Amino acid sequence: MIELKHISKSFRMHNGQLPILKVADWAIAQGERVALLGPSGSGKSTLLHLLSGVMVPDEGEIWVNGMPLHTYSQSGRDRYRAEHVGYIFQDFHLISSLTARQNVELVLPAAWSKKQSKEILDEWFERVGLKDRQHHMPYELSRGQQQRTAIIRALVTKPQLVLADEPTGSLDWETAGDVMALLLDICKTEQLTLVTVTHDLHLAEMYPKQVQIGDINEVTRRSAV
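Residues numbered from 1 in each chain as written. Predicted model: local features only at pLDDT ≥ 70, side-chain atom pairs only at ≥ 80, totals over all residues. Heavy atoms only, no water.

Our focus in this paragraph is the pattern of salt bridges. Evaluation of the coordinates by the stated rule reveals nine salt bridges. Among the salt bridges present, the one from Asp122 reaches Arg101, with a minimum N-O distance of 3.0 Å. Of this pair, Asp122 sits in helix α4 (residues 114-127) while Arg101 sits in helix α3 (residues 100-105), and the two are 21 residues apart along the sequence. Exposure remark for Arg101: the relative accessible area of 9% places this residue in the buried category. Linking Glu119 and Lys115 is a salt bridge whose minimum nitrogen-to-oxygen distance equals 2.6 Å. A residue pair is termed a helical-turn pair when its members lie 3 or 4 positions apart in one helix, as Glu119 and Lys115 do in helix α4 at four residues. Judged by relative accessible area, which is 43%, Glu119 ranks as partly exposed. (Salt bridge = Lys/Arg side-chain N within 4 Å of Asp/Glu carboxyl O. Helix = DSSP H or I, 4+ residues; strand = E, 2+ residues; numbered from the N terminus. Buried < 20%, exposed > 50% of the residue type's maximum accessible area, 1.4 Å probe, protein only.)

Encoded structure:
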């Protein structure tokens, strides 16, 4: 599903280049659910940005389901992200002037009929426990309910790859556990590949596989020595 080969990424600073990520070889199988752990600044979010096509590597190859992402133009990466990636953020990014349902409707494929869209959305909002809240505005929802809406938005088209960057970072402990369990359950049921960045060891233990960024990132490993 995902293959990284000799990837490196640096950021330009006023006094030169700051290396952030250097991965010799890393792979994730289709349907795996992986928690990515590590301290702030260790390259976790940068890795997600590379997998989503938001960033391009300075060197190396990134393959996602046979697609050579490292060769794509900006427009190609935008299209790849829209068609194949579901992204879940810490801060939800819901449009405040739209209802929960309308926020999700924005990402539905144009080819879906009104009947199909209605049936699928009804099913998803019931699935995450928001059947009676889908017509509420974001400010009328709790933070956990807002994140559940964001999960629907990311997963409703069943993307091949789901990337979650600290998806429970702004939630209380109990709600965080419930939301993470929901995300894991849906991805398991739908056989979606999930890579989640988290700093919470207890939440990471819910995942079948945990990866320390220092185990794959030579930059982080060297800085820790």
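That was the structure; now back to the text.
Scanning the entire structure with this criterion turns up one aromatic pair. Here the aromatic rings of Tyr87 and Phe89 are separated by 4.8 Å at their centres, their planes lie at 5°, and the arrangement is stacked. Using a relative accessible area of 13% as the deciding quantity, one classes Tyr87 as buried. It is Arg127 that lies over the ring of Trp124; its NZ or CZ is 4.7 Å from the centre. (Phe/Tyr/Trp six-rings, centres within 6.5 Å; stacked < 30°, edge-to-face > 60°. Lys NZ or Arg CZ within 6 Å of the ring centre and 35° of its normal.)

A few words now on the nonpolar core. By size, the foremost hydrophobic cluster in this structure holds 36 residues, and its most contacted members are Leu155, Val156, Leu183 and Leu194. Residue assignment for this core shows that the elements contributing at least two residues are β3 (33-37), α3, α4, α5 (143-155), β7 (161-165), α6 (173-190) and α7 (201-204). Sort the elements by how many residues they give to this core and α6 lands first, with eight residues. Other than its neighbours up to four places away in sequence, Val156 contacts Val104, Val107, Leu108, Trp112, Ile120, Leu121 and Trp124. The next biggest cluster of nonpolar side chains, apart from the first, holds 29 residues, and it includes Leu4, Val211, Ile213 and Ile216. (Core = buried A, V, L, I, M, F, W, Y, C linked by side-chain atoms within 4.5 Å. Contact = heavy atoms within 4.5 Å.)

Attention now goes to the environment of Pro109. Tracing the chain through its elements places Pro109 in the loop between α3 and α4. In sequence terms Pro109 and Glu83 are 26 residues apart; their C-alpha atoms lie 9.2 Å from each other.

Turning our attention to the sheet that holds strand β9 (residues 209-212). With respect to topology, five strands assemble into an open sheet ordered β6-β7-β8-β3-β9, the strand pairing being parallel. Single-partner strands in this sheet number two, and they are β6 (85-88) and β9. Sheet twist, expressed as the average angle between the axes of neighbouring strands with direction ignored, equals 20°. Here β7 pairs with strand β8 (residues 193-197) via five bridges, running parallel. (Pairing = 2+ DSSP bridges. Axes fitted to C-alpha atoms, helices over the stretch in contact; angles between N-to-C directions.)

Bringing the side chain of Ser117 into the picture now. Note that Ser117 resides in helix α4. The exposure class assigned to Ser117 is buried, which follows from its relative accessible area of 12%. Excluding anything up to four places from it in sequence, Ser117 contacts Arg101, Leu108 and Trp112.

The next subject is the packing of α5 against α6. For the pair α5 and α6, interaxial distance at closest approach is 10 Å and the crossing angle is 15°. Our classification of the angle between α5 and α6 gives roughly parallel. Classified by chirality, the crossing of α6 by α5 is right-handed. Residue-level inspection shows Gly144, Gln147, Arg148, Ile151 and Leu155 of α5 in contact with α6, the latter providing Thr175, Asp178, Val179, Leu182, Leu183, Ile186 and Cys187. Residue composition of the contact of α5 with α6, grouped by class: seven nonpolar, three polar and two charged. (Parallel < 35°, antiparallel > 145°, perpendicular 65-115°, else oblique. Left-handed = near helix turned anticlockwise from the far one by under 90°. Nonpolar A, V, L, I, M, F, W, Y, C, P; charged D, E, K, R; others polar.)

Shape descriptors only; they carry no functional weight alone.
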